[in-house]
Amino acid sequence: MAATPLTTPHTTLLQKTHQSHAFLKPNAAFHYRASRKPFSVSCSSTIQDRPSLQSQSQDRVFNFAAGPATLPENVLLKAQADLYNWRGSGMSVMEMSHRGKDFRSIIEKAEADLRALLNISKDYAVLFLQGGATTQFASVPLNLCQPDDIVDYLVTGSWGDKAFKEAKKYCKPKVVWNGKSENYVRVPAFDGLELSPDAKYLHICANETIYGVEFKDYPVPGNPYGVLVADMSSNFCSKPVDVTKFGLIYAGAQKNVGPSGVCIVIVRKDLIGNAQEIASVMLDYKIHADNNSLYNTPPCFGIYMCGLVFEDLLEQGGLKEVEKKNEKKAGILYNAIDDSKGFYRCPVEKSVRSLMNVPFTLEKPELEAEFLKEAEKEKMVQLKGHRSVGGMRASIYNAMPLAGVEKLVSFMKDFQAMHA
Ligand code: PMP
């Protein structure tokens, strides 16, 4: 394309609205001279169709981070196209009033798409909050019970443990099972659990991000009037979930559905408003529910990004399809580990291995640094295990393309051949 002299930096490409599903090639070059002369823009790219989810542009890496984590390429490109001027509004989503009709349409669409994805009924409120999943460790007990109430925590990893410890400040939590002595490698059988008959809720962490332990089905609270509460931060929207089994689901967005700074809470409406005295209005579900998540200034841009991800998941055919892709990706990675004759090892019991976070160790730990260095040379980054467990961890959330996992597996095989 020939250089187009413009008097302002507004290019037609940046003005492109996302309804057109046209994208700017990410390596498009904009040149302008820092002078008083008018900007000159040269653009060597063409408008493209939506890129395939399998494709990864040359200048991006495969990011195996546990969160903040990789986002779908086409979502990033959509956001890029919208960034400067959202749908002809003349401003970015970052610049909009959260009370204006444009942002309201964004948050309402995000909520509607999430409701469609997870089949969330009108009996549940959907809240988009600040404060990360960690804030929910306090908000959950503060909103769901009184200081003397008993609640149950089933601890299958360090996030569940953190949630339990926070709850101790606000009510009387009891650990009904703790996998720590076995190094968090499994989920217990539910029928052997000694659940409290009067617990207001039973809390689980549906996917332990650090240890890679994922619930494949869910326990029922010991109290018939109690509810199940789940931290789904690291497997949110990775598969269909029957929301009716839960009183409350919460999830930090930065693993599967968006950037950090947004926490999504799905809570049965009849549970809202029975809270103990809550010192901070920010922790009070009722205030957020009554104001449709617009009580204070919500994380607007993050919510917009989550909305793009939800839309993308619906376009992929919904969560059943997404689950199939995740099973395929996790399957080839776990097979590579299990078939390595002990060169690589995943300690987690096979029946509860996470589809999202795959921890593994090397038989020769002295090779870990070289593994990471060589992987990075191949543009595969953030494979180091959590500092508390060591080894490796490949987080393969929804947005990790199959090609990324295939490349990792092929690298692992080559690395083994070189060092076995
Ligand atoms: N729960 C789980 C399962 C997590 O993985 C994390 C973050 N890694 C958290 C809670 C805490 O989330 P945040 O950093 O958003 O507070």
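No experiment lies behind these values; they were computed from the predicted model shown. Here the residue numbering is sequential within each chain, running from 1 through the sequence in written order. With the structure being a predicted model, the display of local features is reserved for residues of pLDDT at least 70 and the display and counting of side-chain atom pairs for 80 or more, all residues being used for whole-chain, interface and lining totals. In computing side-chain properties, one takes all heavy atoms of the structure into account and sets aside hydrogens as well as water.

*Asks:* So what exactly am I meant to see when it comes to the site of the ligand here?
*Replies:* Proximity criterion: a residue is near a molecule or strand once any of its heavy atoms comes within 4 Å of it. In the neighbourhood of the ligand, the contacting residues comprise G132, A133, T134, F137, W159, C205, N207, T209, D231, S233, Q254 and K255. Here an oxygen atom of the ligand and a side-chain polar atom of W159 are 3.4 Å apart. Pairs of N or O atoms are called polar contacts if they sit within 3.5 Å, as long as, within protein, a hydrogen donor faces a hydrogen acceptor (for residues adjacent in sequence, only side-chain-to-side-chain pairs). A distance of 2.6 Å separates a nitrogen atom of the ligand from a polar atom in the side chain of D231. Each accessible area is a Shrake-Rupley result for a 1.4 Å probe, and residues are judged covered by the shown protein chains and nothing else. Surface burial for the ligand is 85%, taken as the share of its 400 Å² of free accessible area covered by protein chains. Top contributing element to the shell around the ligand by residue count: helix α4 (residues 132-144), with 4 residues. Each helix corresponds to a stretch of at least 4 residues labelled H or I by DSSP, and each strand to a stretch of at least 2 residues labelled E; elements are numbered beginning at the N terminus.

*Asks:* Please explain the sheet that holds strand β8 (residues 172-178) as it appears in this structure.
*Replies:* Within a sheet, neighbouring strands are paired by backbone hydrogen bonds and run either parallel or antiparallel to one another. In short, DSSP must find at least two bridges between two strands for them to pair. Taken in spatial order, the 7 strands line up as β6-β14-β13-β12-β9-β7-β8 in an open sheet, and their pairing is mixed. With one partner strand each, in any of the chains shown, β6 (124-129) and β8 form the two edges of the open sheet. Neighbour to neighbour, the strand axes of the sheet diverge by 15° on average, direction disregarded. The contact criterion used throughout is that any non-hydrogen atoms of two residues lie within 4.5 Å. Each axis is a line fitted through C-alpha atoms, and for a helix only the stretch in contact is used; angles between axes span 0 to 180 degrees, taken between their N-to-C directions. Running over the sheet, helix α3 (residues 101-118) touches β6 and β14 (263-268) and is turned about 130° from β6.

*Asks:* Whenever I open this one, the pattern of salt bridges confuses me. Can you help?
*Replies:* A pair can form between side chains of opposite charge whenever their charged atoms are brought close. One side-chain nitrogen of Lys or Arg within 4 Å of one carboxyl oxygen of Asp or Glu is enough to make a salt bridge. The full count for this structure, using the stated rule, is 19 salt bridges. Among the ionic pairs, D102 bridges to K101, the shortest N-O distance being 3.9 Å. When its relative accessible area of 25% is taken as the criterion, D102 is described as partly exposed. Linking E321 and K324 is a salt bridge whose minimum nitrogen-to-oxygen distance equals 3.0 Å. With E321 and K324 both in helix α8 (residues 319-338) and 3 residues apart, the pair spans about one turn of that helix. Relative accessibility decides the category of a residue: with a 1.4 Å probe and only protein chains considered, values under 20% of the type maximum give buried, values over 50% give exposed, and everything between is partly exposed.

*Asks:* I'm lost on the pairing of β14 in this one. Help?
*Replies:* Walk down a regular strand and you will see the side chains alternate between the two sheet faces. By the criterion of burial, β14 is predominantly enclosed, with 5 of the 6 residues buried. Pairing between β6 and β14: 6 bridges, direction antiparallel. Within the sheet, the bridge partner assigned to V126 lies in β14 and is I266. Judged from the 5 bridges that link them, strand β13 (residues 248-252) and β14 form a sheet pairing that is antiparallel. The partner of L248 across the bridge, within β14, is V267.

*Asks:* Looking at this structure, I do not really get the sheet that holds strand β16 (residues 357-362). What am I missing?
*Replies:* The strand order across the open sheet built from 3 strands is β15-β16-β18, with neighbouring strands paired in antiparallel fashion. Only two strands of the sheet have a single neighbouring strand rather than two, namely β15 (344-345) and β18 (392-395). As defined by bridge partners, β16 adjoins β18 across 4 bridges and the pair is classed as antiparallel. Counted as the bridge partner of V358 is A394 from β18. Contacts from α8 reach β15, β16 and β18 within the one sheet, and its direction differs from that of β16 by about 15°.

*Asks:* How should I be thinking about unusual backbone geometry in this particular structure?
*Replies:* Across the chain, the bulk of peptide bonds are trans and the bulk of non-glycine residues have phi less than zero. Put simply, G67 and P68 share a cis peptide bond, and its omega is -5°. Mapping P68 onto the fold places it in the loop between β5 (62-63) and α2 (73-83). Not every positive phi belongs to a glycine, and S293 is a case in point at roughly 65°. Mapped onto the secondary structure, S293 falls in the loop between α6 (285-290) and α7 (300-315). Look at S293 and you get buried, because its relative accessible area is 2%. At K341, a position not held by glycine, the phi torsion is positive, near 55°. Looking at the secondary structure, you find K341 in the loop between α8 and β15.

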